[in-house]
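Here is what each chain is made of, one letter per residue.
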Number of protein chains: 2
Amino acid sequence: MSAVTGRRERERAQRHQLIVTAARELAETEGWDAVTTRRLAERVEYSQPVLYSHFAGKDAIVSAVALDGFGELAEQLGRARAAVAAPGPVALRAVCRAYLRFAAERPALYQAMFVMPTDLAFATDETPAPMRACFDEFVGCFPAGDEQREPLAEVVWSAVHGMAVLADSGRIPPDGQEGRLDLLIGRFTG
Amino acid sequence: MSAVTGRRERERAQRHQLIVTAARELAETEGWDAVTTRRLAERVEYSQPVLYSHFAGKDAIVSAVALDGFGELAEQLGRARAAVAAPGPVALRAVCRAYLRFAAERPALYQAMFVMPTDLAFATDETPAPMRACFDEFVGCFPAGDEQREPLAEVVWSAVHGMAVLADSGRIPPDGQEGRLDLLIGRFTG
DNA sequence: GCACCCATCCTAGCAGTGCTAGACATTCTG
DNA sequence: CAGAATGTCTAGCACTGCTAGGATGGGTGC
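Worth saying up front: this structure is predicted, and the values here are computed from it rather than measured. (Residues numbered from 1 in each chain as written. Chains lettered and ligands numbered in written order. Predicted model: local features only at pLDDT ≥ 70, side-chain atom pairs only at ≥ 80, totals over all residues. Heavy atoms only, no water.)

A.B. asks: Got a minute to help me understand the protein's contact with DNA strand D in this structure?
C.D. replies: Taken together, 19 residues form the shell around DNA strand D, and within it Arg15 and Ser47 of chain A together with Thr36, Thr37 and Lys58 of chain B come nearest. Near the protein, meaning within 4 Å, the atoms of DNA strand D are sugar or phosphate in a fraction of 54%, with bases accounting for the rest. At a separation of 2.8 Å, a phosphate oxygen of DNA strand D approaches a polar backbone atom of Thr37 of chain B. At 2.9 Å, a side-chain N or O of Gln48 of chain B approaches a base nitrogen of DNA strand D. (Near = heavy atom within 4 Å. Polar contact = N/O pair within 3.5 Å; in protein donor to acceptor, adjacent residues only side chain to side chain.)

Here it is as structure tokens:
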């Protein structure tokens, strides 16, 4: 009994991840509009209702993909910041550049994380660790003594997020990103 | 004949605007998800197909609503900037505050303008005047001689846009906006 | 004044969406 | 090996954006 349920839970978890990665791949190659429950079910070679035995609905699948993305983004930002020793302009630029590259290279994943409606809690006690980790990489770019470092991180994050989404939707020319980033960093670490 | 077509075109233009304002009202009161072609048609007391005799599709209706919004936003920003005489920190703060208030008070309209997919051209020769006017209000907050004023406007706009959308979707606490704006303005006009 | 004609509008329907109820197997248990 | 429980699928609901075809009415020429 226990052995059986153990195996079943293992298979279940495996299929859970299968759905998430399938949704993510589909979104990254064809955009979120192409991610329908039917196509997703076909992709994982199960029928539609199976999706609903794992997730409350399509939104929950998107959230799961987003959570995956936060893990990756945290890793990328962490690597960028670790490459420079101390807080300061260089660290901030490195983190922002990594952030913008992530947004540009994985637009669908970025959408799921930061623009699509989500039930994931931001900035509360129940905020999943990878999400806090992402934000903390921005915070860590400012000196530990600075009382304003959290609000500063919020503003810088807002700015790069704005740049990312406006460029992605064609509302500002995408090739000016580097220059805009220079301007931003200059003002925030002068 | 000419008189008849004249009246008909007038009626057509009237109904065109009727559809746009109905879509906008519906979106502002119940959100864009509630704006379906059926509900919109019922609202204007016509059948669905007449919508398609005025607009290529639902996206075109959203774009028309957005264009309406750009006119209003330009007016709000213009008023805010005109209240202070010269370019500088005070003007920039006034424009940004007006922008953030607009986004907070008309979230659905703001979505149509700045986050929903659109076929409206940004920053090209065919960019509609109201859209350019909005951007120019940001540009006008920097001294006329500054060669960097356009990129600076882009960055500031990106920042306030980021703040607006992240707050709207609950990704940053909405009550910190004023403080974040102070931080931003301080850095960009010090 | 009358018949024609053309523009306008609506009914009905298509293919697709997210989601679910109930029948069908398949697997484990006693 | 029978019975129970678990899992899965088929079929369907109410909805979406969008469109083809027929009816209806007003404007035009005789």
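Having seen the structure, we can now continue with the description.
A.B. asks: Looking at this model, I keep getting lost on the packing of helix α5 (residues 89-105) of chain B against helix α9 (residues 177-189) of chain B. Mind explaining?
C.D. replies: Angle between the axes and distance between the axes are the two parameters that describe a pair of packed helices. Residues and elements named next belong to chain B. Viewed as axis vectors pointing N to C, α5 and α9 meet at an angle of 145 degrees, and their least axial separation amounts to 10 Å. Where α5 crosses over α9, the two elements pack in a sense that is right-handed. Along its contact with α5, which presents Pro89, Leu92, Arg93, Cys96, Arg97 and Leu100, the element α9 presents Gln177, Glu178, Leu181, Asp182, Ile185, Phe188 and Thr189. Partitioning the contact of α5 with α9 into residue classes produces seven nonpolar, two polar and four charged. (Axes fitted to C-alpha atoms, helices over the stretch in contact; angles between N-to-C directions. Helix = DSSP H or I, 4+ residues; strand = E, 2+ residues; numbered from the N terminus. Left-handed = near helix turned anticlockwise from the far one by under 90°. Contact = heavy atoms within 4.5 Å. Nonpolar A, V, L, I, M, F, W, Y, C, P; charged D, E, K, R; others polar.)

A.B. asks: In this structure, what is going on with unusual backbone geometry? I would like to understand it.
C.D. replies: Most peptide bonds take the trans form, and the phi angle of most residues other than glycine is negative. One non-glycine residue with positive phi stands out, namely Glu45 of chain A, at about 60 degrees. Mapped onto the secondary structure, Glu45 of chain A falls in the loop between α2 (37-44) and α3 (48-54).

A.B. asks: Can you walk me through the nonpolar core in this structure?
C.D. replies: Generally speaking, a soluble globular protein has its nonpolar side chains buried in company with each other. The biggest cluster of nonpolar side chains holds 133 residues, and the ones touching the most others in it are Phe138 and Trp157 of chain A together with Phe138 and Trp157 of chain B. Apart from residues no more than four positions distant in its own chain, Trp157 of chain A is found in contact with Tyr99, Phe114, Phe122, Phe135 and Phe138 of chain A together with Leu166, Arg171 and Ile172 of chain B. (Core = buried A, V, L, I, M, F, W, Y, C linked by side-chain atoms within 4.5 Å. Buried < 20%, exposed > 50% of the residue type's maximum accessible area, 1.4 Å probe, protein only.)

A.B. asks: How should the protein's contact with DNA strand C be read in this particular structure?
C.D. replies: Taken together, 19 residues surround DNA strand C, and among them Thr36, Thr37 and Lys58 of chain A together with Arg15 and Ser47 of chain B come closest. Counting only the atoms of DNA strand C within 4 Å of the protein, the fraction contributed by sugar and phosphate is 55%. Between DNA strand C and Thr36 of chain A there is a distance of 3.4 Å, counted from a phosphate oxygen to a side-chain nitrogen or oxygen. The backbone of Lys58 of chain A places a nitrogen or oxygen atom 2.8 Å from a phosphate oxygen of DNA strand C. Listed by contribution, the elements that provide at least two residues to the surface near DNA strand C are α1 (2-30), α2 and α3 of chain A together with α3 (48-54) of chain B. Counted by class, the surface near DNA strand C contains eight nonpolar, five polar and six charged residues.

A.B. asks: Quick question: what am I supposed to make of the relation of the copies chain A and chain B here?
C.D. replies: The relation between the two copies of this chain is a rotation about an axis and a shift parallel to it. When chain A is brought onto chain B, the operation consists of a screw motion whose angular component is 180 degrees and whose axial shift is 0.0 Å, with 0.0 Å RMSD remaining. Both copies are brought into coincidence by an operation consistent with a two-fold rotation axis. Taken as a fraction of all interface residues of chain A, those also at the interface in chain B reach 100%, which identifies the copy contact as same-surface. (Least-squares fit on C-alpha atoms with pLDDT ≥ 70 in both.)

A.B. asks: Please explain the UniProt feature "domain: HTH tetR-type" (unreviewed entry) in chain A as it appears in this structure.
C.D. replies: Annotation from UniProt places "domain: HTH tetR-type" (unreviewed entry) at residues 13-73 of chain A. As a span, residues 13-73 of chain A carries 80% helix and 0% strand, and end to end its C-alpha atoms are 23 Å apart. (UniProt positions renumbered as here; feature names shortened; annotations may be inferred.)

A.B. asks: Would you mind showing me how to read the interface of chain A and chain B here?
C.D. replies: When the parts of a complex come together, some accessible area is lost, and that lost area is often used as the size of the interface. Each side of the interface is counted separately: chain A has 30 residues, and chain B has 30 residues. With both sides pooled, the region where chain A packs onto chain B buries about 2600 Å², and carbon together with sulfur makes up 66% of that total. When the area that chain A buries against chain B is broken down by residue, the three leading residues are Arg171, Leu183 and Arg187 of chain A, summing to 29%. Across the chain A-chain B interface, the total number found is two salt bridges. Note that Glu154 of chain B is salt-bridged to Arg180 of chain A, the shortest N-O span being 2.4 Å. (Buried area = accessible area lost by both parts, 1.4 Å probe. Salt bridge = Lys/Arg side-chain N within 4 Å of Asp/Glu carboxyl O.)

A.B. asks: What is the right way to read the layout of surface pockets from this model?
C.D. replies: Sizing a probe to match a water molecule and rolling it over the atoms shows the empty space that remains. Looking at the largest pocket, its volume works out to about 1500 Å³. Together, 38 residues line the largest pocket, and Gln111 and Val115 of chain A together with Val115, Met116 and Pro117 of chain B are the ones closest to its centre. Within the lining of the largest pocket, the residues separate by chemical class into 19 nonpolar, nine polar and ten charged. (1 Å grid on protein atoms, 1.4 Å probe; cavity = no way out; pocket = protein on both sides within 12 Å on 5 of 7 lines; lining within 4 Å. Points joined across faces, edges and corners; volume = space filled by probe spheres on them.)

A.B. asks: Sorry, what's going on with the pattern of salt bridges here?
C.D. replies: Residue and element names in this part refer to chain A. The final tally for this structure, using the stated rule, is 26 salt bridges over all chains. With its nearest N and O atoms 2.5 Å apart, the salt bridge here joins Glu72 to Arg24. Note that Glu72 is positioned in helix α4 (residues 58-82) and Arg24 in helix α1, a separation of 48 residues in sequence. Classification of Arg24 as buried rests on a relative accessible area of 14%. The closest approach of N and O atoms between Arg81 and Glu137, which form a salt bridge, is 2.7 Å. In this pair, Arg81 is assigned in helix α4 and Glu137 in helix α7 (residues 129-139), connecting sequence segments 56 residues apart. Relative accessible area serves as the criterion here: at 26%, Arg81 is assigned to the partly exposed category. Relative accessible area serves as the criterion here: at 13%, Glu137 is assigned to the buried category.

A.B. asks: Hey, could you run me through the environment of Asp136 of chain A in this one?
C.D. replies: Assignment of secondary structure puts Asp136 of chain A in helix α7. Taking the C-alpha atoms as reference, Asp136 of chain A lies 8.3 Å from Ala153 of chain A; in sequence the two are 17 residues apart.

A.B. asks: Help me understand the packing of helix α6 (residues 107-114) of chain A against helix α8 (residues 149-168) of chain A in this model?
C.D. replies: Residues and elements named next belong to chain A. In the contact formed by α6 and α8, the axes pass within 12 Å of each other and the chain directions differ by 130 degrees. Considering the angle they form, α6 stands oblique to α8. As for the relative orientation of α6 and α8, their crossing is left-handed in sense. Packed against α6, whose contacting residues are Pro107, Tyr110, Gln111 and Phe114, the element α8 presents Trp157, His161, Ala164, Val165 and Asp168 at the interface. For the contact of α6 with α8, the class distribution of residues is six nonpolar, two polar and one charged. (Parallel < 35°, antiparallel > 145°, perpendicular 65-115°, else oblique.)

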